[in-house]
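Structural overview
If you want the building blocks of each chain, they are given just below.
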Amino acid sequence: MVDYLWNTQSPLQKALVPGRHGAAGAHVGVTLNEVRDIVLVQVMARRGKAADAAKAAKKLFGIEAPATPKAVTGKTATLIWSGPDQFTVIAPRTDEASQLAAMVQVFAGSASLSDQSDGRCLIRVSGPRGRDAIAKFSSLDLHDLAFPVGAAANTSVDHTAVNLWREANGADGHPVYNMLVFTSFADSLWHTVVDSSLEYGVEAASARAA
Amino acid sequence: MRIACPFCGERENGEFTYLGDASPKRPNFAVDSGESPEGVEDAFYDYVYLRDNVAGYMREYWYHGGGCRSWLIAERNTVTHEFRSVTAAPGVGAAKPVQAGE
C-alpha cells in the first residue's frame, strides 16, 4: 500500500516569488499579496427563504448581508455579494471547525452552505498604481464614483471568474482591491496581475489573513 | 455591445452567453384534454424547432455566466443591437417562487 503524504501548499507556490520585481527604483507602484489562512463559505438562500437567510446572517455576523453588489465588513467576517440571494463569507482562519459549525447552525433551513476555504485563492492588489494595473485586464469601471470602497463585482478576467471587491483604503491612502479566484486559475491570474504591474514596480508577498 | 445586467450593472457582452428567443412556451396538455396525438406533436415541433426571424425588437434569453450567473430576459433590437430592457428570468434568486410552466 502506498503511503500518501498530503502536502498542503499554496496554489501560488510556484508563481509567487516574494520581493521586488519590475521597474527598479525606490518606488513601489503595486503591492501584491496572497492572503492565506482564510475561511470562505458560499451562502445561497433556499427558495423562498431569502429573508430568513438575511436574518440569520445578521444574527451571526451583526451586519446586513449585501443585497446588491457590495462587500460589508463586520467584526468577525466580510460578506461579499455573489449573485441574487447569495453571498460569500470570508474570515481569517482561527478555528475552522467551530467557525463552520456556527454557520451551519445559524443558516440551518434557510440557506445552503458550501465550504470554499481551499477552493479559492485571495489576491490583494494595493499601492498607488494598483488600480492602473487592474484596469489593464478588467473591463470594470474602477473610478471612485463607479467602484467606491465597499463595491463588489462578479466579473471575468482573462475568461476566468473573479470576485472583485474594494476594501477600505490602505495606510498610504490608496485603494485596496481583493480578487478571489479558483485555485486552479490562481497561477494564471497571478501572472496576469504581475505582468500588468511590472512597469510600476511590484512588491510581492504572501501574508496571513488578519 | 454592453448589456445592463439588472443585478451587476452594465458589463461587456463577453461576460454573457446568448440562448435565443424567450417567447416560446412549453406546450402543456392535460392527460384528458382531448388533443389528438398529431396536435400534440405539432405543438412540440413548433416549440422545439420553429423560430421567428425577427428584424427589430425580440425577447431573448441571455446568461450572465461571467458575472452573477443569472438567466436574464432582454429585449434587443436585432437590427441595431439596442437593448430596450433587461430583466431577471423567472425563478432567478431565492425570493420568488417559480410559476408552473416558466
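Below or above, wherever it landed, is the structure these notes cover. Only a predicted model underlies this, so the values are computations on that prediction, with no experimental measurement involved.

Some details on the overall build of chain B
Of regular secondary structure, chain B possesses one helix and six strands. Along chain B, from the amino end to the carboxyl end, the secondary structure elements read β-β-β-α-β-β-β. A compact globule built from 102 residues would reach a C-alpha radius of gyration of about 13 Å, whereas chain B, at 16 Å, exceeds it by more than 25%. In terms of principal-axis extent, the alpha carbons of chain B reach across some 50 × 35 × 20 Å. Across the 102 residues that make up chain B, the buried fraction comes to 29%. Look at the contacts in chain B between residues 6 or more apart in sequence, and 42% of them connect residues 24 or more apart. Counting only carbon and sulfur atoms, one obtains 49% of the accessible surface of chain B, whose full area is about 6,500 Å². Across chain B, 10 positive and 15 negative side-chain charges occur, with their mean positions spaced 10 Å apart.

Re the overall build of chain A
The secondary structure content of chain A amounts to four helices and twelve strands. In terms of C-alpha radius of gyration, chain A reaches 18 Å, essentially the compact-globule figure of 17 Å for 210 residues. For chain A, the residues scored as buried account for 47% of the 210 residues in total. Intrachain contacts of chain A at a sequence separation of at least 6 include 67% that bridge at least 24 residues. For chain A, the accessible surface area stands at approximately 10,400 Å², while carbon and sulfur atoms represent 54% of it.

Remarks on the packing of aromatic side chains
Each aromatic ring pair is described using two quantities: the centre-to-centre distance and the angle formed by the ring planes. All names here are of chain B. Following the criterion strictly, the structure yields nine aromatic pairs over all chains and no others. Aromatic pair Y45 and Y49: ring centres 5.1 Å apart, planes at 50°, arrangement tilted. Linking Y45 with Y49, this pair stays in helix α1 (residues 37–49), spanning four residues, or about one helical turn. One aromatic cluster is present, built from ring pairs that chain together Y18, W62 and F83. The cationic tip of R84 hangs over the ring face of Y57; the distance from NZ or CZ to the ring centre is 3.8 Å.

Some thoughts on the interface of chain B and chain A
Interface size is commonly expressed as the accessible surface area that is lost when the partners come together. If you look at the interface, chain B gives 19 residues, while chain A gives 20 residues. For the pair chain B and chain A, the summed buried area comes to about 1,300 Å², and 48% of that belongs to carbon and sulfur atoms. Per-residue buried area on chain B facing chain A is highest for F7, R11 and A94 of chain B; these three make up 36% of the total on that side. Scanning the region where chain B abuts chain A turns up zero salt bridges. Here chain B is connected to chain A by eight residue pairs in polar contact (both at pLDDT 80 or more). A class-by-class count of the residues in the side of chain B that touches chain A yields eight nonpolar, five polar and six charged.

Things to note about the sheet that holds strand β11 (residues 176–182) of chain A
Working definition: the strands of a sheet are paired by backbone hydrogen bonds and lie parallel or antiparallel to each other. Residues and elements named next belong to chain A. If you walk across this open sheet you meet the seven strands as β1-β12-β2-β8-β11-β10-β9, and the pairing is mixed. Both edges of this open sheet fall to β1 (19–21) and β9 (152–157), since each of them pairs with a single strand only. Neighbour-to-neighbour, the strand axes of this sheet turn through a mean angle of 25°, independent of strand direction. Relative to strand β12 (residues 202–208), strand β2 (residues 30–36) runs parallel, the two sharing seven bridges. When the sheet's bridge partners are listed, R36 is paired in β12 with R208. Contacts from helix α4 (residues 183–197) reach β2, β8 (120–126), β9, β10 (160–167), β11 and β12, with the element oriented near 145° to β11.

Thresholds, definitions, all that
- Residues numbered from 1 in each chain as written.
- Chains lettered and ligands numbered in written order.
- Predicted model: local features only at pLDDT ≥ 70, side-chain atom pairs only at ≥ 80, totals over all residues.
- Heavy atoms only, no water.
- Helix = DSSP H or I, 4+ residues; strand = E, 2+ residues; numbered from the N terminus.
- Rg over C-alpha atoms; globule rule 2.2 N^0.38 Å.
- Buried < 20%, exposed > 50% of the residue type's maximum accessible area, 1.4 Å probe, protein only.
- Contact = heavy atoms within 4.5 Å.
- Areas by Shrake-Rupley, 256 points an atom, 1.4 Å probe, with all protein chains shown as cover.
- Lys, Arg positive; Asp, Glu negative; His and termini not counted.
- Charge placed at Lys NZ, Arg CZ, Asp CG, Glu CD.
- Phe/Tyr/Trp six-rings, centres within 6.5 Å; stacked < 30°, edge-to-face > 60°.
- Lys NZ or Arg CZ within 6 Å of the ring centre and 35° of its normal.
- Buried area = accessible area lost by both parts, 1.4 Å probe.
- Salt bridge = Lys/Arg side-chain N within 4 Å of Asp/Glu carboxyl O.
- Polar contact = N/O pair within 3.5 Å; in protein donor to acceptor, adjacent residues only side chain to side chain.
- Nonpolar A, V, L, I, M, F, W, Y, C, P; charged D, E, K, R; others polar.
- Pairing = 2+ DSSP bridges.
- Axes fitted to C-alpha atoms, helices over the stretch in contact; angles between N-to-C directions.

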